[in-house]
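Listed below, chain by chain, are the residues.
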Amino acid sequence: MRIVTELKSKAKYDVIVAGGGVAGVAAAITAKKRGKSVLLLEKSNILGGLATLGLVNLFVPMCNGRGTQIIFGLADEWFYEAAKYGYDTIPDNWQTGEKRMVNRYSPYIFALQLTEQIKNAGVDLLFDCIGSQPVMDGNLCKGVITESKSGREYYEAEMVIDTTGDADLLRRAGVPVVLGKNFYTYVGKKISLESCQKAVDNQNIRYAFEGCKGGAINLYGDHQPADKPLWSGTTVEEVTDYLIDNQLEMLKQLKGDDRNSRDIAMLPMMPNFRTTCRIDGDYTFKESDHYRHFEDSVCAINDFDRKDFLYEVPLRCLTRREFPNLITAGRSASGEGYGWDVIRVIPPAILTGQAAAEAAVLAIETGKPIAEVDIATLQQRLEKEDHIMIHFPDELIPEDQEKIEFGPDEGHI
Ligand SMILES: Cc1cc2nc3c(=O)[nH]c(=O)nc-3n(C[C@H](O)[C@H](O)[C@H](O)COP(=O)(O)OP(=O)(O)OC[C@H]3O[C@@H](n4cnc5c(N)ncnc54)[C@H](O)[C@@H]3O)c2cc1C
């Protein structure tokens, strides 16, 4: 594909990261730590994506449900960081296996903490700036065209990491992608006289917030209304249709309340779409990959819903071999069915963000296509520098593998 531009390059970066959700922020910080120049583009006004803007404020379990932590790296750092100034909802008995290692945090305070992290790392950040178009010379991406208050501009890059969640740049670059389907879900936060009283009684502000729903369908699609479509979320019409439908549903429910008794505290500022569009990567991760070791694993992760289940995410889920300097991470990693769900939630999204960045840096250093970087070196950096577990220990695999045990209900996902 050839996509050219008449625009003069405004600047050249080693790495452009498009999309400042948790995966993008993790990628930007990691690439910068390795000494690369990094530009992070974020179309909204705060960092964190679904994890902040989307009001999804739960770090799902980062342990195996038997007291052993699996997910480390920046996910581990941010898990505790989010508890530092926001709410601290980490169960102190997760290490005994009675509870799991989760944290429901303040979404907006966490967003501010991410801004601080990005600034402290020295990443160049552009808010309110859409990465709209990759400039392509065949399968090589030369840079990214942006749209912002400054108008249309062009930034060149050696490597581009697409963490838009929707694979916006990959799709437009001609990388094969797969569209997802999304249920009727739209969750805001409400305060009421009752919830405020509960907060006062418990001397804890987090009790002041209650769920406030338009559609309220979980990730398994239980009770999806027959008259609602399954939105892919990849066209402006679909996004608008989804938002209008959900907003009217939320209003309908609020109209029944005494108007002096409650108010909406926060609305999701991005659609609550779980799986919109992902790379059709060099490997497609599946639920049946549990307990499977991959030679090119970039992180070990655990299942968020089921105790014991462990996985490894191969680098190939983030790449498409024919595209030498494009990679993705987070919500648009290559997975199918529940496998996609397992690798896209917040803690794994952070780790794949770090892995994409380390791969991009290594590709720059060695002049190799990103899918062909030396795996041993990549894994060594992820393990030693980023403190990420690459392979799960076999002793954590239960003898009776057929036994599926669901963990305690830790909230919606
Ligand atoms: C309803 C719902 C409930 C969930 N519950 C949980 C849960 O309880 N716990 C959990 O761990 N996970 C949960 N998840 C999943 C999790 O929130 C996401 O998968 C994860 O946060 C994805 O992170 P990301 O960085 O890959 O993408 P995103 O969070 O989607 O971030 C993408 C970022 O890119 C920006 N962007 C998009 N397009 C562009 C562009 N063209 N240019 C520039 N910027 C752009 C966006 O504004 C956004 O900031 C839930 C998801 C949903 C929808």
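Given the structure is predicted, the values throughout are model-derived calculations rather than measurements.

## Let's talk about the overall build of the protein chain
Phase 1 of the analysis: Regarding its fold elements, the protein chain presents nine helices and 17 strands.
Phase 2 of the analysis: Since a compact globule built from 413 residues should have a radius of gyration of about 22 Å, the 21 Å found for the protein chain is in line with a globular shape.
Phase 3 of the analysis: Expressed as lengths along the three principal axes of its C-alpha atoms, the size of the protein chain is roughly 60 × 55 × 45 Å.
Phase 4 of the analysis: The buried share of the protein chain, reckoned over its 413 residues, is 48%.
Phase 5 of the analysis: Within the protein chain, contacts between residues at least 6 apart in sequence are counted, and of these 74% link residues at least 24 apart.

## Overview of unusual backbone geometry
Phase 1 of the analysis: In the Ramachandran plot, A167 falls in the positive-phi region, its phi being about 55° despite a non-glycine side chain.
Phase 2 of the analysis: Position of A167 among the secondary structure elements: in the loop between β9 (151-162) and α4 (168-173).
Phase 3 of the analysis: The phi dihedral of H223 falls on the positive side, at around 65°, and the residue is not glycine.
Phase 4 of the analysis: Its 11 C-beta neighbours within 10 Å are what place H223 among the exposed residues.

## Some details on the site of the ligand
Phase 1 of the analysis: Not every one of the 40 residues close to the ligand is listed here, only the nearest: G19, G21, G49, G165 and G330.
Phase 2 of the analysis: Counting residues per element, the ones that place at least two in the shell around the ligand are α1 (22-33), β4 (58-59), β7 (130-137) and α8 (346-366).
Phase 3 of the analysis: Considering every element that reaches the shell around the ligand, the biggest residue donor is α1, with three residues.
Phase 4 of the analysis: A class-by-class count of the residues in the shell around the ligand yields 18 nonpolar, 15 polar and seven charged.

## Re the confidence of the model for the protein chain
Phase 1 of the analysis: Looking at the protein chain, pLDDT values average 95 and 97% of them are 70 or higher.
Phase 2 of the analysis: With pLDDT under 50 throughout, residues 405-413 is counted as low confidence; its partners more than four residues away or in other chains account for 25 contacts.

## As for the nonpolar core
Phase 1 of the analysis: Among the nonpolar cores identified, the biggest contains 108 residues, and I16, I161, A359 and A360 are the most heavily contacted of them.
Phase 2 of the analysis: Ranked by residues supplied to this core, first place goes to α8 with 12 residues.
Phase 3 of the analysis: When residues are assigned to domains, this core turns out to be shared by domain 1 (2-179 + 276-396) and domain 2 (185-266), each giving three or more.
Phase 4 of the analysis: The residues contacting A360, other than those within four sequence positions of it, are V15, A31, M159, I161, I327 and I370.

## Re the packing of helix α2 (residues 73-85) against α8
Phase 1 of the analysis: Direction vectors running N to C along α2 and α8 enclose 130°, while the axes themselves pass 7 Å from each other. Put simply, α2 runs oblique to α8. You can see that α2 and α8 cross each other, and the crossing is right-handed. Taken together, the residues of α8 that come into contact with α2 (itself represented by G73, L74, A75 and W78) are P347, I350, L351 and Q354.

## Points about the packing of α8 against helix α9 (residues 375-384)
Phase 1 of the analysis: α9 packs onto α8 with a crossing angle of 130° between their chain directions and a minimal axis gap of 10 Å. Classed by the angle they form, the pair α8 and α9 counts as oblique. Seen along the crossing, α8 lies across α9 with a hand that is right-handed. Here Q354, A355, E358, A359 and L362 of α8 come into contact with α9, specifically with T377, L378, R381 and L382.
Phase 2 of the analysis: Looking at the contact of α8 with α9 residue by residue, the classes come out as five nonpolar, two polar and two charged.

## Focus: α1
Phase 1 of the analysis: In this model α1 runs 16 Å from its N-terminal to its C-terminal C-alpha over 12 residues, within 8% of the 16 Å that 1.5 Å per residue would give.
Phase 2 of the analysis: Turning to α1, its buried residues are V22, A23, G24, V25, A26, A27, A28, I29, T30, A31 and K32.
Phase 3 of the analysis: Where α1 is buried, its residues contact β2 (9-18), β3 (38-41), α2, α3 (107-121), β9 and α8.
Phase 4 of the analysis: Note on α1: the residue one or two positions beyond its end, G35, has a positive phi of about 90°.

## Remarks on the domain arrangement of the protein chain
Phase 1 of the analysis: Each assigned domain of the protein chain is listed with its residue range as follows: domain 1 (2-179 + 276-396) and domain 2 (185-266).
Phase 2 of the analysis: When each unit is reduced to the centre of its C-alpha atoms, the spacing between domain 1 and domain 2 is 28 Å.
Phase 3 of the analysis: Taken residue by residue, the interface counts seven residues in domain 1 and nine residues in domain 2.

## Regarding the environment of N260
Phase 1 of the analysis: Here N260 shows up in the loop between α6 (236-255) and β13 (262-266).
Phase 2 of the analysis: Judged by local crowding, N260 falls into the exposed class, with 7 C-beta atoms found within 10 Å.
Phase 3 of the analysis: Sequence separation between N260 and S192 is 68 residues; the distance between their C-alpha atoms is 8.7 Å.

## Some details on the pairing of β7
Phase 1 of the analysis: Pairing geometry for strand β1 (residues 2-3) and β7, over two bridges, is antiparallel. Residue I3 lies in a different strand from β7, and its bridge partner there is M136.
Phase 2 of the analysis: Inspection of the sheet shows β7 paired to strand β8 (residues 140-148) by seven bridges, in the antiparallel sense. What sits directly across from Q133, in β8, is I145.
Phase 3 of the analysis: Between the end of β7 and the start of β8, which pair antiparallel, lie two residues, with G138 showing a positive phi angle near 65°.

## Here's the deal with the sheet that holds strand β11 (residues 185-192)
Phase 1 of the analysis: What the three strands build is an open sheet, ordered β12-β11-β13; its pairing is antiparallel. Two strands bound the open sheet, and with one partner strand each, they are β12 (210-216) and β13. Each neighbouring strand pair of the sheet contributes to a mean axis angle of 40°, computed without reference to strand direction.
Phase 2 of the analysis: In this sheet, β12 lies alongside β11 in antiparallel orientation, the contact comprising five bridges.

Conventions used here
- Residues numbered from 1 in each chain as written.
- Predicted model: local features only at pLDDT ≥ 70, side-chain atom pairs only at ≥ 80, totals over all residues.
- Helix = DSSP H or I, 4+ residues; strand = E, 2+ residues; numbered from the N terminus.
- Rg over C-alpha atoms; globule rule 2.2 N^0.38 Å.
- Buried ≥ 20, exposed ≤ 12 C-beta atoms within 10 Å, placed from the backbone.
- Contact = placed C-beta atoms within 7 Å.
- Near = placed C-beta within 6 Å.
- Nonpolar A, V, L, I, M, F, W, Y, C, P; charged D, E, K, R; others polar.
- pLDDT = per-residue confidence, 0-100.
- Core = buried A, V, L, I, M, F, W, Y, C linked by C-beta atoms within 7 Å.
- Domains from an automatic or database assignment.
- Axes fitted to C-alpha atoms, helices over the stretch in contact; angles between N-to-C directions.
- Parallel < 35°, antiparallel > 145°, perpendicular 65-115°, else oblique.
- Left-handed = near helix turned anticlockwise from the far one by under 90°.
- Expected span 1.5 Å × (residues − 1).
- Pairing = 2+ DSSP bridges.

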